[in-house]
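Below, each chain spelled out in residue letters.
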Amino acid sequence: MSKPAIEIKNMSMLFNLNSEKVDNLKEYFIKLVTHKLHYNEFWALKNINLRVEKGDRVGILGFNGAGKSTMLKVIAGVLKPTEGTVETHGIIAPMIELGAGFDMNYSGKENIFLYGATMGYSRKFIQEKYDEIVEFSELKDFINVPVKNYSSGMKARLGFAIASAVDPEILILDEVLSVGDAKFRKKSEKKIISLFDKGVTVLFVSHNVDQVLNICNKAIILDHGKIIAQGDAKEICDQYVEMTNAGKK
């Protein structure tokens, strides 16, 4: 049996939330040393089990606070799970917080090479992809401007253009198709679909059921940090719509 693209076993993620107000660093350390610092435990994810085969495109649905973004960050390696294991097989392009890894004092051009290097690609490879990235981002007139002067939409467009140009094997998308104007969203969706021919595996978080149906063949629903449903995209999307409508009553 071939290895899956992603395999998650009994994975849980705990955050300790400070339950009281601390005014300054000195007070924080005094309370820490005297054991007077109290935390509330918050399990963002609890006992997650998921196997994603290579080439599968899995939509992740759930209300705000369900744990969707946390789950993607654990899979991408940004967070280490408190319990359980996460195994990935393939080059991952995480589009979780597009542009979050940029150096704000560097230009768009410099950040293309920086971002590419953090994903493990050589300067020569990024140079070959450079014109394609700039053209797709529609930022040619601003490419030599420091990123700190970019709008959030411009940063997201540049981040998407880089991540989608480097031929990933696993694509992790967190609400990225909601950035930019309608024209750019359509172009981004078309770009992702074009990667399917290369057998890319996709994890896609979105509140937009139509986008999930357009991109994904499978889906899961997260609720309060637990997977409550998984299966065929159409069936799961129908179930999510029912949950959404029930919540509005």
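Now for a look at the structure at hand.

Criteria and thresholds
Residues numbered from 1 in each chain as written. Predicted model: local features only at pLDDT ≥ 70, side-chain atom pairs only at ≥ 80, totals over all residues. Heavy atoms only, no water. Helix = DSSP H or I, 4+ residues; strand = E, 2+ residues; numbered from the N terminus. Buried < 20%, exposed > 50% of the residue type's maximum accessible area, 1.4 Å probe, protein only. Polar contact = N/O pair within 3.5 Å; in protein donor to acceptor, adjacent residues only side chain to side chain. Salt bridge = Lys/Arg side-chain N within 4 Å of Asp/Glu carboxyl O. Pairing = 2+ DSSP bridges. Axes fitted to C-alpha atoms, helices over the stretch in contact; angles between N-to-C directions. Contact = heavy atoms within 4.5 Å. Parallel < 35°, antiparallel > 145°, perpendicular 65-115°, else oblique. Left-handed = near helix turned anticlockwise from the far one by under 90°. Nonpolar A, V, L, I, M, F, W, Y, C, P; charged D, E, K, R; others polar.

Moving on: the side chain of Gln211. Inspection of the secondary structure puts Gln211 in helix α7 (residues 209-215). The buried category is assigned to Gln211, whose relative accessible area is 12%. A polar contact is formed between the side chain of Gln211 and the side chain of Ser206, at a distance of 3.3 Å.

On to unusual backbone geometry. The phi dihedral of Asn10 is positive, around 45°, even though this residue is not glycine. Mapped onto the secondary structure, Asn10 falls in strand β1 (residues 6-18). Of the residues examined, Asn10 reaches a relative accessible area of 44% and is grouped as partly exposed. Even without a glycine there, the phi angle at Asn47 is positive, about 55°. Take Asn47: it is sitting in strand β2 (residues 39-52).

Here we come to the pattern of salt bridges. Overall, the coordinates contain 9 salt bridges when judged by the stated rule. Linking Lys191 and Glu132 is a salt bridge whose minimum nitrogen-to-oxygen distance equals 3.4 Å. Residue Lys191 is found in helix α6 (residues 182-195), and its partner Glu132 is found in helix α4 (residues 123-137); the two are separated by 59 residues along the sequence. By relative accessible area, which is 18% here, Lys191 ends up buried. Here Glu132 falls in the partly exposed class, since its relative accessible area comes to 34%. Three or more residues are tied together by salt bridges with common partners; here these are Glu7, Arg51 and Glu53.

So, on to the sheet that holds strand β9 (residues 226-232). With mixed pairing, 6 strands are arranged side by side in an open sheet as β5-β6-β7-β3-β8-β9. Both outer strands of the open sheet, β5 (92-95) and β9, are each paired with one neighbouring strand and no more. For this sheet the average axis-to-axis angle between neighbouring strands, irrespective of direction, equals 15°.

Attention shifts here to the side chain of Ser137. Within the secondary structure, Ser137 is located in helix α4. Those residues in contact with Ser137, other than ones at most four positions away along the chain, are Arg157, Leu158, Ala161 and Phe184.

A few words on the packing of helix α3 (residues 108-118) against α4. At a closest axis distance of 10 Å, the pairing of α3 and α4 adopts a crossing angle of 130°. As summarised for this structure, α3 and α4 are arranged oblique, according to the angle between their axes. Regarding α3 and α4, the two cross each other, and that crossing is right-handed. Across the interface between the two elements, Lys109, Ile112, Phe113 and Gly116 of α3 pack against Arg123, Ile126, Gln127, Tyr130, Ile133 and Val134 of α4. The residue inventory of the contact of α3 with α4, partitioned by class, reads 6 nonpolar, 2 polar and 2 charged.

Any link to function would need more than the numbers given here.
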